[in-house]
Amino acid sequence: MNIKKSWAEPYKIKMVELIKMTTPAQRKKAMKDAGYNTFLLKSEDVYIDLLTDSGTNAMSDEQWAGMMRGDEAYAGSKNFYHLERVIQEVYGYKYLVPTHQGRGAENILSQIMIKKGDIVPGNMYFTTTRLHQELAGGIFADVIIDEAHNSESEHPFKGDIDLNKVEALIKKHGAKKIPYICVATTVNMAGGQPISLKNLKELRKLTKQHGIKIMLDMTRIAENAYFIQQNEKGYAEVPIVKIVREICNQTDGATMSGKKDACVNIGGFLALNDWDTFEEARNLIVVYEGLHTYGGMAGRDMEALAIGLLESVDDHHMNARVGQVHYLGQQMMQYNIPIVQPIGGHGIFVDAKKFLPHLTQDQFPAQTLAAEVYLDSGIRTMERGIVSAGRKANGENYYPKLELVRFTLPRRVYTQAHMDVIAESTARVFEKRNKIKGMKMIYEPKYLRFFQARFEKL
Ligand code: F0G
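Residues numbered from 1 in each chain as written. Predicted model: local features only at pLDDT ≥ 70, side-chain atom pairs only at ≥ 80, totals over all residues. Heavy atoms only, no water.

**As for the site of the ligand**
Taken together, 17 residues surround the ligand, and among them T52, R103, D217, S257 and K260 come closest. One of the side-chain N or O atoms of Q101 is found 2.9 Å from an oxygen atom in the ligand. In the model, an oxygen atom of the ligand is placed 2.7 Å from a nitrogen or oxygen of the R103 side chain. Isolated, the ligand exposes 470 Å² of accessible area, and the fraction of that covered by the protein chains is 95%. Of all the elements, helix 4 (residues 102–113) adds the most residues to the shell around the ligand, at three residues. The residue makeup of the shell around the ligand, split by class, is two nonpolar, eight polar and seven charged. For the shell around the ligand, the domains that each give at least three residues are domain 1 (24–53 + 315–457) and domain 2 (61–312). (Near = heavy atom within 4 Å. Polar contact = N/O pair within 3.5 Å; in protein donor to acceptor, adjacent residues only side chain to side chain. Areas by Shrake-Rupley, 256 points an atom, 1.4 Å probe, with all protein chains shown as cover. Helix = DSSP H or I, 4+ residues; strand = E, 2+ residues; numbered from the N terminus. Nonpolar A, V, L, I, M, F, W, Y, C, P; charged D, E, K, R; others polar. Domains from an automatic or database assignment.)

Okay, here's the thing in structure tokens:
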């Protein structure tokens with residue numbers, strides 16, 4: 001007999017949080033009140049919350065114990081020095097600038113390194129990252145491989161950078177106009193797709209020749225390392241912690257949202273190798289975040305973050321984490337639901353253009369689909385399409401090729417039975433897809449509109 005070898009969670013459950021079940025009538029009212037934007041729903045009206053994997057993870061007993069060891073001194077908290085030591089040991093960066101979360105680090109980095117008119121290439125954009133680059137006067141340039149924009153391409157490393165695109169930018173604008181290349185591990189907007197070490201090393205070689213820095217968005221670096229271990233030649237036997245270090249070694253610094261990989265509810269940092277940049281960052285941090293030894297986090301937050309970072313690079317943890325995402329993806333595929341291939345690290349991305357082919361992009365297919373899934377079952381997902389992409393500096397809409405709904409899995413929170421319920425609900429919506437009508441936007445905020453925009457059904 002060929003007995004399969006399943007993954008299982010390397011933890012057991014010590015405490016549970018009860019969730020509310022809702023009726024169709026309650027959901028109909030809640031969705032209408034929320035302007036058909038899942039960000040505006042009250043969390044108590046949500047059954048299974050797949051809005052994000054950011055700050056929604058379950059901390060371990062060790063992390064909770066660490067919270068009790070919080071040293072709430074204004075300056076020089078011992079938790080800061082613990083966090084600094086972990087970052088130096090795990091990632092190898094020399095200097096730590098703590099921030100309240102990822103975008104705090106993005107703000108500081110962008111202000112220091114970007115001058116007006118600079119070009120900032122990146123492997124696809126992330127909403128807050130690009131906005132901070134633009135607010136600092138930079139112009140974002142997408143240099144990800146073309147396969148990343150195609151939801152059907154099975155390329156195992158869709159987060160890879162097209163070096164020809166980088167070379168063309170250098171040729172056109174000159175290396176002096178490019179302060180750094182922003183490399184994300186894994187690429188969120190592409191569906192949680194990883195970058196390979198081979199590609200990153202080639203990029204390092206190219207940027208060295210031109211004196212261009214590489215700044216990592218290391219928000220989901222451990223998940224990226226897992227894909228390298230599974231799919232890149234030569235890494236099958238290398239532990240994730242070593243792969244993580246090898247990724248960081250190719251770069252000059254990093255911004256981090258601790259709310260993902262590290263399983264904390266709040267926290268982040270900027271990590272740097274260059275003393276001068278660090279000095280400037282330490283100056284700015286006191287303006288925007290807090291003193292340079294807490295940067296917007298309480299002592300207890302820094303302690304939980306330090307412990308969570310160590311837990312995130314454990315092979316068994318990551319095997320179960322991505323294993324659960326893949327289980328959900330397999331269930332969806334059984335119902336022929338169109339999802340981004342290959343299955344990524346932090347969630348399932350449903351292709352709304354294929355799901356609702358009768359809607360134009362201006363009728364917000366992904367926003368519509370997210371609302372329909374909530375109406376069916378109380379499951380909350382997130383639009384990652386034209387609404388998230390926002391407008392260019394000249395006011396025109398970006399029309400991203402990918403129009404997706406993200407079913408994001410918080411770490412260590414839901415069970416396999418929840419995964420079945422999620423796939424079944426999506427399948428029910430899929431069955432009646434032809435009857436679903438689109439939406440129009442009736443309120444549009446100026447920045448990051450997806451958070452607060454309101455819609456009406458057509
Ligand atoms: N970079 C990436 C790749 C992210 O996914 C996020 C946040 C950030 C930076 C910003 O970090 O939220 O701590 O300020 N992503 C969340 C999400 C919001 O739902 O994907 P932050």
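Anyway, onward from the coordinates.
**What about helix 16 (residues 416–431)?**
A rise of 1.5 Å per residue sets the reference length of helix 16, with its 16 residues, at 22 Å; its end C-alpha atoms lie 23 Å apart and thus fit the reference within 8%. For helix 16, the full list of buried residues reads H418, M419, I422, A423, S425, T426, A427, V429 and F430. On its buried face, helix 16 sits against strand 1 (48–49), helix 12 (315–334), helix 13 (352–355), helix 14 (365–377), strand 10 (379–380) and strand 12 (404–408). (Expected span 1.5 Å × (residues − 1). Buried < 20%, exposed > 50% of the residue type's maximum accessible area, 1.4 Å probe, protein only. Contact = heavy atoms within 4.5 Å.)

**With respect to the environment of I144**
Tracing the chain through its elements places I144 in the loop between strand 4 (139–142) and helix 6 (163–173). In this view, I144 contacts G122, N123, M124, H149, K158, G159, D160, I161, D162, K165 and V187; residues no more than four positions away in its chain are not counted.

**Structural notes on the pattern of salt bridges**
Going through the model one piece at a time under the given rule, you end up with 26 salt bridges. Ionic pairing is found between R282 and E279, a salt bridge with its closest N-O pair at 2.7 Å. Here R282 pairs with E279, and both are found in helix 10 (residues 275–288), just three residues apart, close to one helical turn. Given a relative accessible area of 30%, E279 falls into the partly exposed group. K354 is the salt-bridge partner of D351, the closest N and O atoms lying 3.2 Å from each other. Note on D351: relative accessible area 7%, which makes it buried. (Salt bridge = Lys/Arg side-chain N within 4 Å of Asp/Glu carboxyl O.)

**Quick look at the packing of aromatic side chains**
Per the stated rule, a full pass over the model turns up 12 aromatic pairs. Taken together, a centroid distance of 4.2 Å and an interplanar angle of 40° make the contact between F450 and F451 tilted. According to the relative accessible area criterion, F450 is buried, its value standing at 3%. Residue F451 is classed as partly exposed on the basis of its relative accessible area, which comes to 25%. In this structure, R384 packs its charged tip against the face of F450, placed 4.8 Å from the ring centre. (Phe/Tyr/Trp six-rings, centres within 6.5 Å; stacked < 30°, edge-to-face > 60°. Lys NZ or Arg CZ within 6 Å of the ring centre and 35° of its normal.)

**What about the layout of surface pockets?**
Its volume calculated, the largest pocket comes out at about 1,500 Å³. Together, 37 residues line the largest pocket, and M15, A58, M59, R412 and V413 are the ones closest to its centre. Class assignment of the residues belonging to the lining of the largest pocket gives a composition of 16 nonpolar, 10 polar and 11 charged. Both domain 1 (24–53 + 315–457) and domain 2 (61–312) contribute no fewer than three residues apiece to the lining of the largest pocket. (1 Å grid on protein atoms, 1.4 Å probe; cavity = no way out; pocket = protein on both sides within 12 Å on 5 of 7 lines; lining within 4 Å. Points joined across faces, edges and corners; volume = space filled by probe spheres on them.)

**Here's the deal with helix 1 (residues 24–33)**
Among all positions in helix 1, only R27, A30 and M31 are buried. Along the axis of helix 1, the buried residues cluster in a sector spanning 95°; they form a single face. In this structure, helix 1 carries A25, K28, K29 and K32 as exposed residues pointing more than 90 degrees from its buried face. Buried residues in helix 1 make contact with helix 14. Within two residues after helix 1, G35 carries a phi angle of roughly 60°, on the positive side. (Arc of directions from axis to C-beta.)

**Quick notes on the nonpolar core**
Judged by nonpolar contacts, the single largest core of 60 residues is most densely connected at Y91, M218, F269 and L309. In terms of residues, this core owes the most to one element, helix 8 (residues 221–231), which gives six residues. With 32 residues, the next largest nonpolar core counts I48, V350, M419 and I422 among its residues. (Core = buried A, V, L, I, M, F, W, Y, C linked by side-chain atoms within 4.5 Å.)

**Quick notes on the domain arrangement of the chain**
Assigned domains of the chain: these are domain 1 (24–53 + 315–457) and domain 2 (61–312). Computed over C-alpha atoms, the centres of domain 1 and domain 2 are 26 Å apart. Counting from both sides, the interface comprises 33 residues of domain 1 and, opposite them, 41 residues of domain 2. Between domain 1 and domain 2, a total of about 2,900 Å² is buried, with carbon and sulfur atoms accounting for 55% of that surface. Its largest share of buried area at the contact with domain 2, domain 1 owes to M318, L402 and R411, together 18% of the area lost on that side. Across the domain 1-domain 2 interface, the total number found is five salt bridges. Residues E223 and R321 are paired through a salt bridge, measuring 2.9 Å at the closest nitrogen-oxygen approach. Inspection of the domain 1/domain 2 interface yields 20 residue pairs in polar contact (both at pLDDT 80 or more). Contributions of two or more residues to the side of domain 1 that touches domain 2 are made by helix 12, strand 9 (347–351), helix 15 (386–389) and strand 12. (Buried area = accessible area lost by both parts, 1.4 Å probe.)

**A look at empty space enclosed by the protein**
Under the counting rule described, the total for this entry stands at four cavities of 30 Å³ or more. Space inside the largest cavity adds up to approximately 100 Å³. Around the largest cavity, the lining residues are E9, P10, Y11, H317, A320, R321, Q324, P410, R411 and R412. Within the lining of the largest cavity, the residues separate by chemical class into four nonpolar, two polar and four charged. Taken as a whole, the second largest cavity spans an internal volume of roughly 70 Å³. Lining the second largest cavity, in full, are E106, L109, S110, T129, Q133, Y180, C182, M215, L216, D217 and T255. Among the secondary structure elements, those contributing two or more residues to the lining of the second largest cavity are helix 4, helix 5 (127–135), strand 5 (180–184) and strand 6 (213–217).

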